[in-house]
Amino acid sequence: MMNSSKPILRVQDVTKRFGGLVALRKVSLDIFGGEKVAIIGPNGSGKTTLFNVINGVYIPDEGRIFYEDNDITHKPPNERARMGIARAFQIPRPFPGATVRENVAIGALFGRFGHKISLEEALRIADEKLKLVGLYDKRDELAAKLTGPERKMLEFARALAMSPKLLLLDEIMAGMPPGKVDQIVDLIKEISEKEGIAVAVMVEHVIRAVIRYAERVYVLDRGEIVLSGSVDEVMRSPKLREIYLGTRFREV
Amino acid sequence: MDLNNIFFIIYQGLVLGSIYGVIAIGLSLIFGITRIINLSHGALIMWGAYTAFTFFTLYNLSPLGSIFIALVVGIGLGAAIFYVILKRLIGAHELTTLLATFALSIFLQELARLRYGLDYRGYNLYMGSINMFGYGASLSALYGGILALVLTTLLTLFLYKTRLGAAIRAVAQDPVGAYVCGIDVNKIYAIGIGLGSAFAMAGGVIATMYSPTGINPYYGEPYLLKSFVIVVLGGLGSVIGAYIGGLIFGLAETTLFPIYDYLNFHSPSSMALFTEFIILLLLLLLRPQGLFKR
Amino acid sequence: MGLREVLIKHLTLIILIVIYVILWLLREVFPEYSQLIITLLYYITIAQAYNIFLGMTGYVDFGYVSYFGLGLYGMAVAITLSSSSNMSEYIAILLGILLALALANTVAGVVGAIALRLRGAYFAIATIGLSQALRYLIEGAKIWGGAEGVIIASDLRKIFGEERFSYATITLPDTGIFILTVISGLVMYVVRNSRLGYGLLAIREDEDVARVMGISTTLYKFIAFLISASLTSLVGSMWALKITAIYPPESFNIAFSVEFIVIVMLGGAGTVLGPLLGGSLYALSKYYLGTILPGLQLTIFSVLLLVIVLVFRQGIVGELRSLLYRYSFIREVIR
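What comes next concerns the included structure. (Residues numbered from 1 in each chain as written. Chains lettered and ligands numbered in written order. Predicted model: local features only at pLDDT ≥ 70, side-chain atom pairs only at ≥ 80, totals over all residues. Heavy atoms only, no water.)

## Notes on helix α3 (residues 34-57) of chain C
For an α-helix, the turn length of 3.6 residues means that residues three or four places apart are oriented alike.
All names here are of chain C.
Working step 1: Along its 24 residues, α3 runs 34 Å from first to last C-alpha, staying within 8% of the 34 Å computed at 1.5 Å per residue.
Working step 2: Along α3, the sharpest kink reaches roughly 50°, centred on Asn51.
Working step 3: Counting buried positions along α3 yields 22 of 24 residues, so the element is predominantly enclosed.
Working step 4: Where α3 terminates, the next one or two residues include Gly58, which has phi positive at roughly 80°. (Helix = DSSP H or I, 4+ residues; strand = E, 2+ residues; numbered from the N terminus. Expected span 1.5 Å × (residues − 1). Bend = angle between axes of the 7 residues up to and from the residue. Buried < 20%, exposed > 50% of the residue type's maximum accessible area, 1.4 Å probe, protein only.)

Structure (structure tokens):
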């Protein structure tokens, strides 16, 4: 489902350097409201840097970022969060000393509707999201005690609790068994369709998920967008194999 | 205020600054290698001062001799501190290591108090004076300043021209990388803390060459506070930075005093200290990485 | 909600109030222990106040003593002024309280603007710089009497009259401190269970992620800082009435800050009941060690501190919480 008027996120010619290393070179992409986009690329292609720039953790050296028509290139991360951009990190970063429930509640308290939500409501929303991702039973555990896959689900729930309009999921399926991957894909689709959230998913290896989930795909290689289009176009392109040559990937 | 006066003030600033520099090096070194802020730095300086005092009064050994004792004891003490206390705290939350080194400083102070009492001690170190720009300057202070410079140079040569020194610098830059290269990181940490402690104690000996009286268990406190400013000035972790930072600091102290005196402030020495801390705050605000790159 | 659930939910608050009532009763019933209890309250109150910043954000302010010192000076200066302009008792005290708050908030405002942007070690060093700068400025420029300090005993006699001197130097400040104990405890309880509290918790656990989640980290740190500084300055203002002689070195002594860092850590940083436990333990051990083994107090203290730091990272209350979080009522109590 696509809202085909204006994109909710427009990244325009963004370049980001770290000393001599060019992590992103004139990267441009659009994501429309409610869309499901996949960004794929081998290790080191700059995916996480791209998310960091969209998120506000880094400021690009060149280029601009527009969110719902606002120029957010220089806005701090907390403001972007309140505007509706939520992010799940590649290596999950839960608040270790807080319980699972508190972690997710914090997302609700400070996300898009944060200022309107009371503590009780935030906890209620947390419970709701935890049920969605299957962590409700562990809601009173300290986040530090969760396993790796559980932490990824916690990241996801926390990001959802922020009521985002744009959800950035960094390698959310990495390290998961195939059954779980399908589950996550279905969950993302369901949430995206029901709430109209635009979702951008970063993927390195789990191409199977990309095919099932995405409407459009961008391919990032060494800091540049080298391929983009519908899933079919991109998956069939011989260029894709070239890029991934030498990197193992899982086929359908 | 004539030219000779000004030169003399600069001379004094450099001598004092050289001493401040060698004292601050210990703090900077330990932080650079282990990322630990050693709050017991002041206590170690104090013990160095007591070492000079004890060996002079008991064995008539001049500080030029007791400094070797201080260096050796310092290395041993530092390594012991690492293995007993600090080893578990590498990488821990800052608060934890700050509290641990603070507890250590209290312990060292109390040991000194129980051994020597609270009274001020001093010894009669008079090596003569020398004519500097028409003023009489203490020779022991000059020797102290020169000794400080010598020690700093030796340390720098050690760090940059020896294998062990290279290993230390490697660990300071990237402990994991150094580990992967086969360097025994824990041993380096021990050596680093040992060296830092040694320099602190040696610094204490040298400090008594500048002022051989007024030694008590809290002798090291003002030096600790000043070391903070100096170390930030020179860049946390840089040995040369700490020394040059010390020189600048010493110059500032000696030049500020007459200025504040001239401006009729009630206590120019306190105002000089005030200025030094304001400089610290400004540095942290504007250029926290210090004036020099590592 | 049944009665049981209501009780559990507010268990921390109930325990808090019960302890305060007990402390007050103890003082009424055993007047000979009055000063010991006040010392206890001193430690508990400042620990509670400090906990709101240190415990909740994890930032170590070595210069925290400055706010206590400014509170001391605020009251002392107000008393001196009031005495020379013949103001009534309550105006004088009120002036002291207001001046203490004004001074503390001005300095905290400046520190907040500069230092809260710094991380970890740099923040700690900056706060050291601040407290020492204040001390040397006062001595160097002979502000408020400089190194000679401010002595207000005779001014108090003048304002309150000779017969009411003990009222002014004992009853009044003791009551004030007790009120502050209750206030700072309640403030901590309210903060901990509010949006601000959750934001601060997030900041302490992982400041970068907190920002990404929408928390205005700088603002929240600043608010916690001001609240914490204000409460401590008020304790200082009352304490000035007790000691009646205020000097720069003691008023800005970093060892004071460290004492409270230890207490907050000992009790459990960020918990509501932690400061009560830590403050009491500390005050009582200091008192009894002082009578049993005078002279060895600090030595033992330093060794104990080392042991605590190496073994009990989360403080007593924090450790209990980690062990027993499974039980809902423990979780509610040890928040």
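Text resumes after the structure shown.
## A look at the interface of chain C and chain A
Working step 1: Every contact between the two is made by 26 residues of chain C and, on the other side, 32 residues of chain A.
Working step 2: Summed over both sides, the interface between chain C and chain A buries roughly 2,500 Å², with carbon and sulfur atoms accounting for 59% of that surface.
Working step 3: Linking chain C with chain A are 2 salt bridges.
Working step 4: A salt bridge links Arg93 of chain A to Asp206 of chain C, with the nearest nitrogen and oxygen atoms 3.0 Å apart.
Working step 5: Where chain C touches chain A, the interface holds 9 residue pairs in polar contact (both at pLDDT 80 or more).
Working step 6: Of all the secondary structure elements, the ones that give two or more residues to the side of chain C that touches chain A are α9 (195-205), α10 (207-212), α11 (217-243) and α16 (315-324) of chain C.
Working step 7: In terms of residue count, the dominant contributor to the side of chain C that touches chain A is α9 of chain C (6 residues).
Working step 8: Looking at the side of chain C that touches chain A residue by residue, the classes come out as 10 nonpolar, 6 polar and 10 charged. (Contact = heavy atoms within 4.5 Å. Buried area = accessible area lost by both parts, 1.4 Å probe. Salt bridge = Lys/Arg side-chain N within 4 Å of Asp/Glu carboxyl O. Polar contact = N/O pair within 3.5 Å; in protein donor to acceptor, adjacent residues only side chain to side chain. Nonpolar A, V, L, I, M, F, W, Y, C, P; charged D, E, K, R; others polar.)

## Thoughts on the nonpolar core
Working step 1: In this structure, Phe156 of chain A together with Phe62 and Tyr67 of chain C are the most contacted members of the largest nonpolar core, which totals 277 residues.
Working step 2: Setting aside its immediate chain neighbours within four residues, Phe156 of chain A contacts Val133, Leu167, Leu169, Ile172, Leu187, Ile188 and Ile191 of chain A.
Working step 3: Membership of the second largest hydrophobic core comes to 25 residues, among which are Ile8, Leu29, Leu50 and Ile65 of chain A. (Core = buried A, V, L, I, M, F, W, Y, C linked by side-chain atoms within 4.5 Å.)

## A few points about the sheet that holds strand β2 (residues 21-32) of chain A
All names here are of chain A.
Working step 1: As summarised here, the arrangement of the 4 strands in space is β2-β1-β4-β5, forming an open sheet in which the pairing is antiparallel. Both edges of this open sheet fall to β2 and β5 (70-71), since each of them pairs with a single strand only.
Working step 2: One ladder, built from 5 bridges, connects strand β1 (residues 7-18) with strand β4 (residues 62-67); its direction is antiparallel. Bridge pairing links Val11 to Ile65 in β4.
Working step 3: Contacts from helix α1 (residues 47-55) reach β1, β2 and β4, with the element oriented near 65° to β2. (Pairing = 2+ DSSP bridges. Axes fitted to C-alpha atoms, helices over the stretch in contact; angles between N-to-C directions.)

## Side note on the packing of aromatic side chains
Working step 1: Under the defined criterion, the tally for this structure stands at 39 aromatic pairs over all chains.
Working step 2: Aromatic pair Phe8 of chain B and Tyr135 of chain B: ring centres 4.7 Å apart, planes at 15°, arrangement stacked. Residue Phe8 of chain B is located in helix α1 (residues 3-34), and its partner Tyr135 of chain B is located in strand β2 (residues 135-138); the two are separated by 127 residues in the primary sequence.
Working step 3: Exposure remark for Phe8 of chain B: the relative accessible area of 10% places this residue in the buried category.
Working step 4: Here a set of aromatic residues connected by ring pairs shows up, and it is made of Tyr42, Tyr43, Phe68, Trp239, Phe256, Phe260, Tyr282 and Phe301 of chain C.
Working step 5: Arg139 of chain A extends its terminal NZ or CZ atom over the ring of Tyr136 of chain A, reaching a point 4.2 Å from the ring centre. (Phe/Tyr/Trp six-rings, centres within 6.5 Å; stacked < 30°, edge-to-face > 60°. Lys NZ or Arg CZ within 6 Å of the ring centre and 35° of its normal.)

## Description of helix α4 (residues 65-84) of chain C
All names here are of chain C.
Working step 1: Helix length check: α4, at 20 residues, gives a terminal C-alpha distance of 29 Å against a target of 28 Å (1.5 Å per residue), a fit within 8%.
Working step 2: Burial runs high along α4: 17 of the 20 residues are buried.
Working step 3: At the exit of α4 stands Asn86, carrying a positive phi of roughly 60°.

## Things to note about the interface of chain C and chain B
Working step 1: Taken together, the contact pairs 40 residues of chain C with 38 residues of chain B.
Working step 2: Each partner contributes to the roughly 3,600 Å² buried at the junction of chain C and chain B, and carbon and sulfur atoms together form 83% of this total.
Working step 3: Ranking the residues of chain C by area buried against chain B places Tyr122, Ile125 and Tyr136 of chain C at the top, with a combined share of 16%.
Working step 4: Contributions of two or more residues to the side of chain C that touches chain B are made by α6 (120-140), α13 (254-267) and α15 (297-311) of chain C.
Working step 5: The element that contributes the greatest number of residues to the side of chain C that touches chain B is α6 of chain C, accounting for 15 residues.

## Observations concerning the arrangement of the chains
Working step 1: Pairwise contact counts over the 2 pairs of chains in contact peak for chains B and C.
Working step 2: Kept free of each other, chain A and chain B leave a smallest C-alpha distance of 14 Å between them.

## Overview of the pairing of strand β6 (residues 85-88) of chain A
Residues and elements named next belong to chain A.
Working step 1: The alternating pattern of β6 places Ile85 and Arg87 on one face and Ala86 and Ala88 on the opposite face, and all of these are buried.
Working step 2: One ladder, built from 4 bridges, connects β6 with strand β7 (residues 166-170); its direction is parallel. Within the sheet, the bridge partner assigned to Ile85 lies in β7 and is Leu166.

## Quick look at the pattern of salt bridges
Working step 1: Overall, the coordinates contain 35 salt bridges over all chains when judged by the stated rule.
Working step 2: Among the salt bridges present, the one from Glu121 of chain A reaches Arg124 of chain A, with a minimum N-O distance of 3.8 Å. Note that Glu121 of chain A and Arg124 of chain A are positioned in helix α4 (residues 119-133) at a spacing of 3 residues, about one turn of the helix.
Working step 3: A salt bridge links Lys221 of chain C to Glu207 of chain C; the nearest nitrogen and oxygen atoms lie 2.7 Å apart. With Lys221 of chain C in helix α11 and Glu207 of chain C in helix α10, this residue pair connects regions lying 14 residues apart in the sequence. Glu207 of chain C shares its class with Lys221 of chain C; the two are buried.
Working step 4: The network of salt bridges with common partners includes Glu121, Arg124, Glu128 and Lys129 of chain A.

These results come straight from atomic positions and should not be treated as a statement about function.
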